[in-house]
Structure formats: C-alpha cells, structure tokens
Amino acid sequence: MPTSPLRSRRTVKASRALGIALTPKAQKYLDRRPYGPGQHGRTRRRTDSDYAVRLKEKQRLRAQYGIREAQMLRYYEEAKRMHEGLTGENLVELLESRLDALVLRSGFARTIAQARQFVVHRHILVNGKRVDRPSFRVKPGQMIHVHERSEVFEPFQVAAAGTHQDALPTVPGYLTVEIEKLQATLSRKPKREEVPVTCEEQLVVEFYAR
C-alpha cells in the first residue's frame, strides 16, 4: 500500500502552493524550498486580494483532510447550524471527528491519504465492526482498531513500532492510543485548540459566508 510517486509529487507541489506540509515527506521539501512552486516561486511578491486570502485558507483546511469541496461545504453548513460554539471552531471539530482523520492522528497511518485507503480497504474497525467510510463520525467512547488479520501486513507492523508517531504531531489529548496494540479510543470531543491543523478557520467561515 505504498504511495505512488505521482501522488507524492502532487502532494509536495500542493504543499508548496499552500505553504503547509500535507505529509512528512512534503515537510522535508518545504524545509529545503520554503517558497511556492513554479518558475517564479522564489520571486513572487504580489499582494493577494481578500477573496484570494480566504480562498487559500479554505483550500488549506480542505487539503489537510483530503476532502472534496462538496463535502467541505456540507461540514460548513452543519457547523453553522450548531447552537453552541463558533462556526469555524465547530467546523474543524467536525472534520477532526472523521474516522480517517483519527486513524492518522493515532499514528496508524503516515498520511491522510493512507489513512483513507486503510479505511476503504476495510482494515479498520470501530468497536469491533468494520467501517469502510472515511467520513464515518467517531463518537466519544468508541474504539478504533486494526483488524487482527490486517495486523500482520507491513504498513501496520511499521505503525505498531511507533514509526509514524515519530514523524507526526504529538497525539492530541482527546485520543488514548495503545500503538503497539494498534488501538485508539476517542475519549472526548476534539477541541479546536488541540487539533493539529494549520488554519485560520474564521477566514474559511468568511469565504463561505460571502
């Protein structure tokens, strides 16, 4: 289940355009080339319009979760309808409750694309039941774990050794992870300040509210 070279190049290019590392590998490229892609990446100094700034912020958030625009819009509409909290914070918290996002945060996968692949290929269980929808919303108290028949596969052996955790942000406080067992429990709802995504979510709200 390796990442294809073409997908890897696209991810690096997107990371440079958005100014954030979408994968650990992309972080290495950004460290070496902290400027946008293309012939004029080093010299580009134009000032973006307010619309362009908000659009870029929305694209940054969407890319970090690897979701389509239609999905993003649905999450925004749901966040806007919530009676408690700020819309932007609610949006991030809803996105973070996705199964693929939590598979990544737990260290079972190295990238969001790999996490989604694991879910779609039915390697991941929630409370003992296979779930093949990356968008599945995990509830507090539910346990995420790798199917016992899948544990022998090399990607999960690598994960169980803690390799991905070394390259990813620290496991957030809303997750209790036993990485050697490939198990994680969502102990409570994520809070925006704990979620390891780079985003000024208010700009995303302003983009959709325009």
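On a predicted model such as this, the values are computed, not experimentally measured, just so you know.

About the thresholds
Residues numbered from 1 in each chain as written. Predicted model: local features only at pLDDT ≥ 70, side-chain atom pairs only at ≥ 80, totals over all residues. Heavy atoms only, no water. Pairing = 2+ DSSP bridges. Helix = DSSP H or I, 4+ residues; strand = E, 2+ residues; numbered from the N terminus. Core = buried A, V, L, I, M, F, W, Y, C linked by side-chain atoms within 4.5 Å. Buried < 20%, exposed > 50% of the residue type's maximum accessible area, 1.4 Å probe, protein only. Contact = heavy atoms within 4.5 Å. Phe/Tyr/Trp six-rings, centres within 6.5 Å; stacked < 30°, edge-to-face > 60°. Lys NZ or Arg CZ within 6 Å of the ring centre and 35° of its normal. Expected span 1.5 Å × (residues − 1). Arc of directions from axis to C-beta. Salt bridge = Lys/Arg side-chain N within 4 Å of Asp/Glu carboxyl O.

1. Observations concerning the sheet that holds strand β3 (residues 143–146)
Think of a sheet as strands paired side by side through backbone hydrogen bonds, with each pair either parallel or antiparallel.
For step 1, the next point in the chain: Spatial ordering of the open sheet is given by β2-β1-β3-β5-β4, a layout of five strands whose pairing is antiparallel. Only two strands of the sheet have a single neighbouring strand rather than two, namely β2 (129–130) and β4 (175–178).
For step 2, the next point in the chain: Bridge count between β4 and strand β5 (residues 183–186): four bridges; the pairing is antiparallel. The residue bridging Leu 175 from the neighbouring strand is Leu 186, located in β5.

2. Let's talk about the nonpolar core
For step 1, the next point in the chain: Formed by 45 residues in total, the largest nonpolar core has its most connected members in Leu 61, Tyr 65, Leu 99 and Val 103.
For step 2, the next point in the chain: No other element matches helix α6 (residues 99–105), which puts five residues into this core.
For step 3, the next point in the chain: Those residues in contact with Leu 99 that sit more than four places away from it in its chain are Val 119, Ile 124, Val 126, Val 131, Arg 133, Pro 134, Phe 136, Val 138 and Ile 144.

3. As for unusual backbone geometry
For step 1, the next point in the chain: Phi is positive for Asn 127, which is not a glycine, with a value near 50 degrees.
For step 2, the next point in the chain: As for its position among the elements, Asn 127 is in the loop between β1 (124–126) and β2.
For step 3, the next point in the chain: Notably, Leu 182 is not glycine yet its phi reads approximately 55 degrees, a positive angle.

4. Some points on the packing of aromatic side chains
For step 1, the next point in the chain: Applying the stated criterion across every chain, the model contains four aromatic pairs.
For step 2, the next point in the chain: For the ring pair Phe 118 and Phe 156, a centre distance of 4.4 Å and an interplane angle of 45 degrees mean the geometry is tilted. With Phe 118 in helix α7 (residues 112–120) and Phe 156 in helix α8 (residues 154–160), the pair connects residues that are 38 residues apart, well separated along the chain. In this pair, the class of Phe 118 matches that of Phe 156, namely buried.
For step 3, the next point in the chain: With 5.2 Å between their ring centres and 80 degrees between their planes, Phe 207 and Tyr 208 make a pair best called edge-to-face. Each member of the pair, Phe 207 together with Tyr 208, is buried.
For step 4, the next point in the chain: One aromatic cluster is present, formed by Tyr 51, Tyr 76, Phe 207 and Tyr 208 through successive ring pairs.
For step 5, the next point in the chain: In this arrangement the basic side chain of Arg 210 is found over the ring face of Phe 207, its NZ or CZ atom lying 4.1 Å from the centre.

5. Here we look at helix α4 (residues 69–81)
For step 1, the next point in the chain: Helix length check: α4, at 13 residues, gives a terminal C-alpha distance of 19 Å against a target of 18 Å (1.5 Å per residue), a fit within 8%.
For step 2, the next point in the chain: For α4, the set of buried residues is Gln 71, Met 72, Tyr 75, Tyr 76 and Ala 79. Along the axis of α4, the buried positions cluster into a sector of 140 degrees, meaning they face one direction only. In α4, those exposed residues whose orientation departs by more than 90 degrees from the buried face are Arg 74 and Arg 81.
For step 3, the next point in the chain: Packed against the buried residues of α4 are α3 (50–65), α5 (87–96) and α10 (201–209).

6. A look at the pattern of salt bridges
For step 1, the next point in the chain: A full pass over the atoms with the stated rule returns 13 salt bridges.
For step 2, the next point in the chain: Of the charged contacts in the structure, one is a salt bridge between Arg 60 and Glu 57, with a shortest N-O distance of 3.5 Å. Residue Arg 60 and its partner Glu 57 are both found in helix α3; the two are separated by three residues, about one turn of the helix. For the pair formed by Arg 60 and Glu 57, the shared burial category is buried.
For step 3, the next point in the chain: Connected through shared salt-bridge partners, Lys 58, Arg 62 and Glu 69 make up one network.

All quantities given are derived from atomic positions and should not be read as evidence of function.
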